[in-house]
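Inside the fold
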Amino acid sequence: ISSGEINQAYNAFNLEQDHSQYFQRIASKTAALFCLSTESGSVLSQAPEKSIQALIKYAYNTGIAFQVIDDILDFIGTEDELGKPVGSDLIEGTLTLPAMFLLEQYPDDNPVKKLFNNREELDNIRQTIEMVANSSIIQQCYQVASEYCDLACQDLKLLPDNSARQALYDLANYIVSRRK
């Protein structure tokens, strides 16, 4: 988790990041935290090894989905919902999936590039948020998160069919629909 945070800080305002670096970073941070929590609980409850492995995969994929949704909310949420200013990732120089998609769709005249090259020009944050909101980018990001939640649920059938397993399905569905 610490290495993911260090990687994020080291790459602040770096426009030369690609999707694989983004997913590696969020895997090191959010997914690692989800995995640690899930593996610890399953090991301490003396779950069978195949259940532990299924839960680790579930946690990894829901962790990725959770972070993608968090990155979406940084563009479409409100300060009251988020508990922080909208666009705070941009302010900190963190390149997230919506910003990457925007850079790909508008490679020349792009407010993310302008912001990362001139951090004083905060109007670029507003413009970035508007451009993302008025495009298909949010839907693309939701699709990515949904695919990770689908992957998360694939191995749940290896677990006993009970209310706990249903709660994991429900949690995966909630992750994609959450607003906070």
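Residues numbered from 1 in each chain as written. Predicted model: local features only at pLDDT ≥ 70, side-chain atom pairs only at ≥ 80, totals over all residues. Heavy atoms only, no water.

A cluster of nonpolar side chains, namely I1, L33 and L36, defines an oily patch on the protein surface of about 280 Å² accessible area. Following the sequence through the fold, I1 ends up in the segment before α1 (2-10). Judged by relative accessible area, I1 falls into the partly exposed class, the value being 43%. (Patch = residues over 30% accessible without salt bridge, like charges linked within 9 Å, V, L, I, M, F, W, Y side chains within 5 Å. Areas by Shrake-Rupley, 256 points an atom, 1.4 Å probe, with all protein chains shown as cover. Salt bridge = Lys/Arg side-chain N within 4 Å of Asp/Glu carboxyl O. Helix = DSSP H or I, 4+ residues; strand = E, 2+ residues; numbered from the N terminus. Buried < 20%, exposed > 50% of the residue type's maximum accessible area, 1.4 Å probe, protein only.)

This structure, assessed with the given rule, holds eight salt bridges. A salt bridge links K29 to E5, with the nearest nitrogen and oxygen atoms 3.5 Å apart. Here K29, found in helix α2 (residues 19-44), pairs with E5, found in helix α1; they are 24 residues apart in sequence, far enough to count as distant. Residue E5 is classed as partly exposed on the basis of its relative accessible area, which comes to 39%. Two residues, D161 and R165, come together in a salt bridge whose shortest N-O distance is 3.1 Å. Given a relative accessible area of 15%, R165 falls into the buried group. Through salt bridges with shared partners, a single network forms among D123, R126 and E130.

Next up on the list: the packing of aromatic side chains. Counted by the stated rule, this structure contains four aromatic pairs. Ring plane angle 65 degrees and centroid distance 5.2 Å describe the contact between F13 and F116, whose orientation is recorded as edge-to-face. Linking F13 in the loop between α1 and α2 with F116 in helix α7 (residues 111-117), this pair joins segments that are 103 residues apart in sequence. Judged by relative accessible area, F13 falls into the buried class, the value being 18%. The exposure class assigned to F116 is buried, which follows from its relative accessible area of 4%. Ring plane angle 75 degrees and centroid distance 5.0 Å describe the contact between Y22 and F23, whose orientation is recorded as edge-to-face. Judged by its relative accessible area of 0%, Y22 falls in the buried class. Clustering of aromatic rings is evident, with ring pairs tying together Y22, F23 and Y148. Directly above the aromatic system of F13 lies the positively charged group of R119, at a separation of 3.8 Å from the ring centroid. (Phe/Tyr/Trp six-rings, centres within 6.5 Å; stacked < 30°, edge-to-face > 60°. Lys NZ or Arg CZ within 6 Å of the ring centre and 35° of its normal.)

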